[in-house]
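If you want the building blocks of each chain, they are given just below.
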Amino acid sequence: MKYKDYYALLGVERTASEDDIKKAYRKLARKYHPDVSKEKDAEEKFKAMAEAYQTLSDKEKRAAYDQLGRHQPGEDFRPPPGWETQFSRGGADDIDLSGIDLGDLFESLSHGRRGGARGFSGAGHHETFAMPGQDFEATANLSLEDAYRGTELNLDLSMPEMTPDGMVRRVPRTVRVRVPKGATDGQRLRVRGKGGAGFNGGPPGDLYLNIKLTAHPRFRVSGHDLYLELPITPWEAVLGASVEVPTMEGRVALNIRPGSKAGQKLRITGKGLARPHGHAGDLYCVLNIVLPAAPGDREKALYKELAEASSFNPREHLA
Amino acid sequence: MTDTNITPLQFLDDSTRIALEDMLAMSGFSLRELIDLVEHGAIEPEGSSTEAWTFSARTTFIARRAAGLRTEFSLDTSGTSLVLGLLERIDELERRMRELECQLLR
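Residues numbered from 1 in each chain as written. Chains lettered and ligands numbered in written order. Predicted model: local features only at pLDDT ≥ 70, side-chain atom pairs only at ≥ 80, totals over all residues.

*Asks:* When you look at the packing of helix 3 (residues 57–72) of chain B against helix 4 (residues 77–103) of chain B in this model, what are you seeing that I'm missing?
*Replies:* The angle between the axes and the distance between the axes are what describe a pair of packed helices. Residues and elements named next belong to chain B. The contact between helix 3 and helix 4 brings their axes to 10 Å, and the two run at 130 degrees. In terms of orientation, helix 3 and helix 4 fall into the oblique class. Two packed elements cross with a definite hand, and for helix 3 against helix 4 that hand is right-handed. Contacts between helix 3 and helix 4 involve Ile62, Arg65, Ala66, Leu69 and Arg70 on the former and, on the latter, Thr80, Val83, Leu84 and Leu87. Class assignment for the residues of the contact of helix 3 with helix 4 results in six nonpolar, one polar and two charged. (Axes fitted to C-alpha atoms, helices over the stretch in contact; angles between N-to-C directions. Helix = DSSP H or I, 4+ residues; strand = E, 2+ residues; numbered from the N terminus. Parallel < 35°, antiparallel > 145°, perpendicular 65-115°, else oblique. Left-handed = near helix turned anticlockwise from the far one by under 90°. Contact = placed C-beta atoms within 7 Å. Nonpolar A, V, L, I, M, F, W, Y, C, P; charged D, E, K, R; others polar.)

*Asks:* Any chance you could explain the sheet that holds strand 11 (residues 283–289) of chain A here in plain terms?
*Replies:* The strands making up a sheet are joined through hydrogen bonds of the backbone, oriented either antiparallel or parallel. In space, the four strands of this open sheet follow the order 6-7-11-10 (chain A), with mixed pairing throughout. Among the strands making up the open sheet, the edge pair consists of strand 6 (219–222) and strand 10 (265–268) of chain A. Each strand of the sheet is rotated relative to its neighbour by a mean of 30 degrees, with strand direction disregarded. Sheet analysis places strand 6 of chain A next to strand 7 (residues 225–232) of chain A, joined by four bridges and oriented antiparallel. Across the sheet, residue Val221 of chain A finds its bridge partner in strand 7 of chain A, namely Leu226 of chain A. The strands that helix 4 of chain B touches are strand 6, strand 7, strand 10 and strand 11 of chain A; relative to strand 6 of chain A, the one it contacts most, it runs at about 160 degrees. (Pairing = 2+ DSSP bridges.)

*Asks:* Please clarify how the packing of helix 2 (residues 18–32) of chain A against helix 3 (residues 42–56) of chain A should be interpreted in this entry.
*Replies:* Residue and element names in this part refer to chain A. One can describe the packing of helix 2 onto helix 3 by two numbers: an axis separation of 10 Å at closest approach and a directional angle of 165 degrees. As the angle between them shows, helix 2 and helix 3 are arranged roughly antiparallel. Like other packed secondary-structure pairs, helix 2 and helix 3 cross with a definite hand, here left-handed. Touching Ile21, Tyr25, Leu28, Ala29 and Tyr32 of helix 2 are Ala42, Lys45, Phe46, Met49, Tyr53 and Leu56, all from helix 3.

*Asks:* What am I meant to see in the nonpolar core here?
*Replies:* Across soluble globular proteins, you tend to see nonpolar side chains buried next to one another. Ala147, Val191 and Leu226 of chain A together with Ala66 of chain B are the most contacted members of the largest nonpolar core, which totals 50 residues. Residue contributions to this core reach at least three from each of two domains, namely domain 2 (136–213) and domain 3 (219–318) of chain A. Each residue touching Ala66 of chain B, except ones within four places of it in the same chain, is listed here: Leu37, Ala42, Thr80 and Leu84 of chain B. Judged by nonpolar contacts, the second largest core, of 20 residues, contains Tyr7, Tyr53, Ala64 and Phe106 of chain A. (Core = buried A, V, L, I, M, F, W, Y, C linked by C-beta atoms within 7 Å. Buried ≥ 20, exposed ≤ 12 C-beta atoms within 10 Å, placed from the backbone. Domains from an automatic or database assignment.)

Have a look at this one:
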């Protein structure tokens, strides 16, 4: 079992009062809560802090944690002899603790109190009321092509589950899901019944997926709309043109009107991502007027001739 | 353990309606807590009576966040309601920012 220094995670002394622990947690939760924080790795840090707080804010769990002694974070350690028995009234001294996560161990203590687990039952009660399984959230990374067409995913998850020895342990699970057309970046999806197993006959929890689209070399995604930067020449912008543009379903012809401007958006209706219960999004082509990197002599001569012939002054308003 | 069955997904967006019972199960709120949040305007159901309430599936995600925030920061209903409003505003601003970023020329 790997040691975690819960006091260090919360930045408090081992002698800290309940109130100090609560204050430290609140302060760090404010900083790292995934709903309010933009800090790097905020979610991981918040989970670690929440785990530390759940243990240290509970008198019985804190006492059990303190009895484990001091170790280096990440160090393999064994609880002192009799530790399991001391904090158990259910004969938990024969439980194999090797390979168990420290957070899961204390989670087992919670379940023991609620009557779900064997052993580690501080209150000594063994009611067997049904409890629903835990809900989980996971990120599903999709390519734009997969989101456009719909796809099947195998999600490799590690879920804490109550094992037959009455302990909460990480169990690898692969869940197969079919993501239909209509998913886009930031979309939340519910996979009913694929969260943690229920306890004592309770229903399983749900799995919530957060869709994350990987960056596409050509298209940018906003909701169900797609954006494509479309380079055009200065003369196409002035004179108008018909150009071919790529879409997710192949190339289509697009009419550039005479007098088009840089940054102008041209919409191709229905060529974005499908919506689950409605019209598909659109594809917007954002015009970018580009100049030749190295104009030839003839081109330079024509630009010079244009400069001499034109009276256009784009800076008139700055005069 | 591999689950060989392919599980269908439910979109949590405004196009899907969720019944009250499902909302309570998904959010973890009690009925009283949910009614409080509705009265504070943090969550807006449709339906003429509490029993007939339905919610946008997107709202269930907001409710889950509300349940987490309320526990993690020991917020009362007014505080939860206020925070949710601000989070919604941030979500909308981020959505708008992504849309504008898409239009920027590289």
